[in-house]
Amino acid sequence: MNKGKVDVLLGLQWGDEGKGKVVDVLTPKYDVVARFQGGPNAGHTLEFEGQKYVLRSIPSGIFQGGKVNIIGNGVVLAPDLFMDEAKALEASGHDLHARLHISKKAHLIMPTHRVLDAAYEAQKGKDKVGTTGKGIGPTYTDKVSRNGLRVGDILENFEEKYAKAKARHLNIINSIASNLDEEQRFALNNQLTTLHKVEKKWLEGVEYLRQFPIVDSEHELNNLLKSDKSVLCEGAQGTMLDVDFGSYPFVTSSNTICAGACTGLGIGPNKIGEVYGIMKAYCTRVGAGPFPTELFDETGKTIRDLGHEYGAVTGRERRCGWIDLVALRYSIMVNGVTQLIMMKSDVLDGFDTIKACVAYKQNGTQIDYFPYNIEEGIEPVYEELPGWKTDMTKFTSEDQFPKEFSDYIAFLEKQLETPIKIISIGPDRDQTIVRK
Ligand code: GDP
Ligand code: IMO
Ligand code: MG
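For the structure given in this document, a descriptive report is provided here.

Rules used in this analysis
Residues numbered from 1 in each chain as written. Chains lettered and ligands numbered in written order. Predicted model: local features only at pLDDT ≥ 70, side-chain atom pairs only at ≥ 80, totals over all residues. Heavy atoms only, no water. Helix = DSSP H or I, 4+ residues; strand = E, 2+ residues; numbered from the N terminus. Buried < 20%, exposed > 50% of the residue type's maximum accessible area, 1.4 Å probe, protein only. Contact = heavy atoms within 4.5 Å. Polar contact = N/O pair within 3.5 Å; in protein donor to acceptor, adjacent residues only side chain to side chain. Axes fitted to C-alpha atoms, helices over the stretch in contact; angles between N-to-C directions. Parallel < 35°, antiparallel > 145°, perpendicular 65-115°, else oblique. Left-handed = near helix turned anticlockwise from the far one by under 90°. Nonpolar A, V, L, I, M, F, W, Y, C, P; charged D, E, K, R; others polar. Pairing = 2+ DSSP bridges. 1 Å grid on protein atoms, 1.4 Å probe; cavity = no way out; pocket = protein on both sides within 12 Å on 5 of 7 lines; lining within 4 Å. Points joined across faces, edges and corners; volume = space filled by probe spheres on them. Near = heavy atom within 4 Å. Areas by Shrake-Rupley, 256 points an atom, 1.4 Å probe, with all protein chains shown as cover.

1. A few points about unusual backbone geometry
Here comes step 1: Cis geometry marks the peptide bond from Tyr248 to Pro249, where omega comes out at 5 degrees.
Here comes step 2: Counting through the fold element by element, Pro249 comes out in the loop between strand E10 (231-234) and helix H9 (259-265).
Here comes step 3: Its identity as a non-glycine residue notwithstanding, Asp16 has a phi of 60 degrees, on the positive side.
Here comes step 4: Position of Asp16 relative to the elements: it lies in the loop between strand E1 (6-11) and helix H1 (19-26).
Here comes step 5: For Asp16, a relative accessible area of 21% puts it in the partly exposed group.
Here comes step 6: Here Asn157, not a glycine, exhibits a phi torsion of approximately 45 degrees, which is positive.
Here comes step 7: The residue Asn157 is located in the loop between helix H4 (136-144) and helix H5 (158-177) in this model.

2. Some points on helix H11 (residues 325-335)
Here comes step 1: The element H11 is largely enclosed, with a buried count of nine among its eleven residues.
Here comes step 2: Listed as buried for H11 are Leu325, Val326, Ala327, Leu328, Tyr330, Ser331, Ile332, Val334 and Asn335.
Here comes step 3: Where H11 is buried, its residues meet E1, strand E11 (272-280), strand E14 (323-324), strand E15 (339-343), strand E16 (353-362) and helix H12 (403-416).
Here comes step 4: Between the side-chain oxygen at the start of H11 and the backbone nitrogen of Val326 there is a gap of 3.0 Å, and the oxygen is on Asp324.
Here comes step 5: Phi for Gly336, located one or two positions after H11, is positive at around 65 degrees.

3. Description of the packing of helix H3 (residues 111-124) against H5
The geometry of a pair of packed helices is captured by two quantities: the angle between their axes and the separation between those axes.
Here comes step 1: Remark: H3 packs on H5, axes separated minimally by 10 Å, with the N-to-C direction vectors making an angle of 20 degrees. It follows from the interaxial angle that H3 and H5 lie roughly parallel. By crossing handedness, the relation of H3 to H5 is classed as left-handed. Listed contacts from H5 to Pro111, Thr112, His113, Val115, Leu116, Ala119, Tyr120 and Gln123 of H3 are Tyr162, Lys166, His169, Leu170, Ile172, Ile173 and Ile176.
Here comes step 2: Residues belonging to the contact of H3 with H5 are distributed by class as follows: ten nonpolar, four polar and one charged.

4. A few points about the sheet that holds strand E9 (residues 214-215)
Here comes step 1: Ordered in space as E9-E7-E5-E2-E10-E1-E11-E15-E19-E20, the ten strands form an open sheet in which the pairing is mixed. Of all the strands in the sheet, just E9 and strand E20 (432-434) have a single pairing partner and so form its edges.
Here comes step 2: As paired strands, strand E19 (residues 420-424) and E20 are joined by three bridges and run antiparallel to one another. What sits directly across from Ile423, in E20, is Ile433.

5. Points about the packing of H3 against helix H6 (residues 182-193)
Here comes step 1: Direction vectors running N to C along H3 and H6 enclose 175 degrees, while the axes themselves pass 10 Å from each other. Of the possible angle classes, the one that applies to H3 and H6 is roughly antiparallel. Contact residues: H3 offers Arg114, Val115, Ala118, Ala119 and Ala122, while H6 offers Gln184, Leu188, Gln191 and Leu192.
Here comes step 2: Looking at side-chain class alone, the contact of H3 with H6 contains six nonpolar, two polar and one charged residues.

6. Considerations on the layout of surface pockets
Here comes step 1: By volume, the second largest pocket is sized at about 600 Å³.
Here comes step 2: Considering the residues around the second largest pocket, the lining is formed by 25 residues, among which Thr45, Glu47, Gly307, Lys344 and Pro427 are closest to the centre.
Here comes step 3: Of all the elements in the fold, those that place two or more residues in the lining of the second largest pocket are H1, strand E3 (44-48) and strand E4 (51-55).
Here comes step 4: Broken down by class, the residue content of the lining of the second largest pocket amounts to seven nonpolar, nine polar and nine charged.

7. Notes on H1
Here comes step 1: Among the eight residues of H1, seven are classified as buried, and the element is accordingly described as predominantly covered.
Here comes step 2: Along H1, the residues that are buried comprise Lys19, Gly20, Lys21, Val22, Val23, Asp24 and Leu26.

8. Description of the site of ligand 2
Here comes step 1: With respect to spatial proximity, 21 residues lie near ligand 2, and among them Asp16, Lys19, His44, Thr132 and Thr252 are the closest.
Here comes step 2: In the environment of ligand 2, an oxygen atom lies 2.7 Å from a nitrogen or oxygen atom belonging to the side chain of Lys19.
Here comes step 3: Val286 places a polar main-chain atom, nitrogen or oxygen, 3.2 Å from an oxygen atom of ligand 2.
Here comes step 4: For ligand 2, whose unbound accessible area comes to 550 Å², protein coverage reaches 97%.
Here comes step 5: For the shell around ligand 2, the class distribution of residues is eight nonpolar, ten polar and three charged.

9. What to know about the side chain of Arg318
Here comes step 1: Position of Arg318 among the secondary structure elements: in the loop between helix H10 (298-306) and strand E13 (319-321).
Here comes step 2: Of the polar contacts made by the side chain of Arg318, one reaches the side chain of Asp16; its length is 3.0 Å.
Here comes step 3: Look past the residues within four positions of Arg318 in its chain and what remains in contact with it is Asp16, Lys280, Thr284, Arg285, Val286, Arg304, His308, Glu309, Tyr310, Gly311 and Ala312.

This is the structure we're talking about:
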């Protein structure tokens, strides 16, 4: 932690690395926690004192004392889902009203953005991205095409702006629908038939939003930094889902990488301190798109079962595979990662041997860099390491690590040329080992 600086924690794989858990663990060291991109496509899980919470739009720093948490301008916010999330936290004794600040410049996800999300997916047919259906892509599209509605818009002439944006969306939806087959059109029409109900709750959500401080978060954050406060930024999704550097077009619609913290919060790059890169000891992916180390065999199934690899937002099965060091080296490079955090090593506790992908064979030629196209002709080259065959879930210090596990860490650090500073050995806040 650096005073007057912004440390950034972000996922290096295809999301769900365990960001929520670690942000919660690190929060006591910081004054402020901020989300800078993504929206309710995220599902960040935290566990402590026998309770489990899944956060979507609210930063994971909300449970540790009275810290200020900020939803930055780079986030896309669905008022109805936000209301559900905040009310559930309130009901469990966590009142957020004074300490959760929302940027005026964050864009609003409208009910019709979700219908558009479904319409675009239907239009893509077999090439669909497998989105979370939360309207993320259409909302960011409206932002970039200068048609979006922002949180600040709810403060003035909102009804008029909303009606105009909705009419525009309905035109697009109708035009897409006219080219869909009957079954797809039927599904879309169903969403349109219930739109008024969704809209009613969404407008309640807009009223609910007004109870929170709606702020110029770029000013607030830079003033905090001037007075030597420390800020932790919480990324959503992962680098392989970044709209520029991920496995395009099977990505999300925001910059999930470290640079996204600058644009998503209004912070200069010289204010960035540590960049924590978080990865699982293996790899998972939800939705469609290439995944070079994916396992289709019993081992993949075992990882899924032991790691409870089912989506926190959609409940979908997560695809599982071995750790991909080629992709990780690329992620570390584009983010400027200064230290690594390894999650879920406990899932591999019982394995005889562990594989790690150290290079790819691309159409027969071995390469050690992440290429433009990983959709076809990529074959992982593995190194196999001995497993540690030890239940580590109750360990409290790295001194207890079996030799094989210490060797595995040393191997990864050498391959990735970056130190691994934190190891997570279970979902609970307490199952976290900070290395010396
Ligand atoms: P996020 O989106 O990056 O915050 O990650 P998710 O919450 O979607 O997925 C991570 C899942 O792994 C959650 O169910 C966590 O409770 C769980 N988890 C986090 N760290 C560990 C760990 O070290 N071991 C195990 N077994 N589970 C973990
Ligand atoms: P967290 O923050 C894993 C995936 C979707 C889909 C693609 C695009 O919990 O790690 P979108 O709805 O964003 O347009 O979907 O991105 N995806 C995630 N996968 N974790 C996430 O978030 C994700 N957010 C989006 O499955 O493949
Ligand atoms: Mg998640």
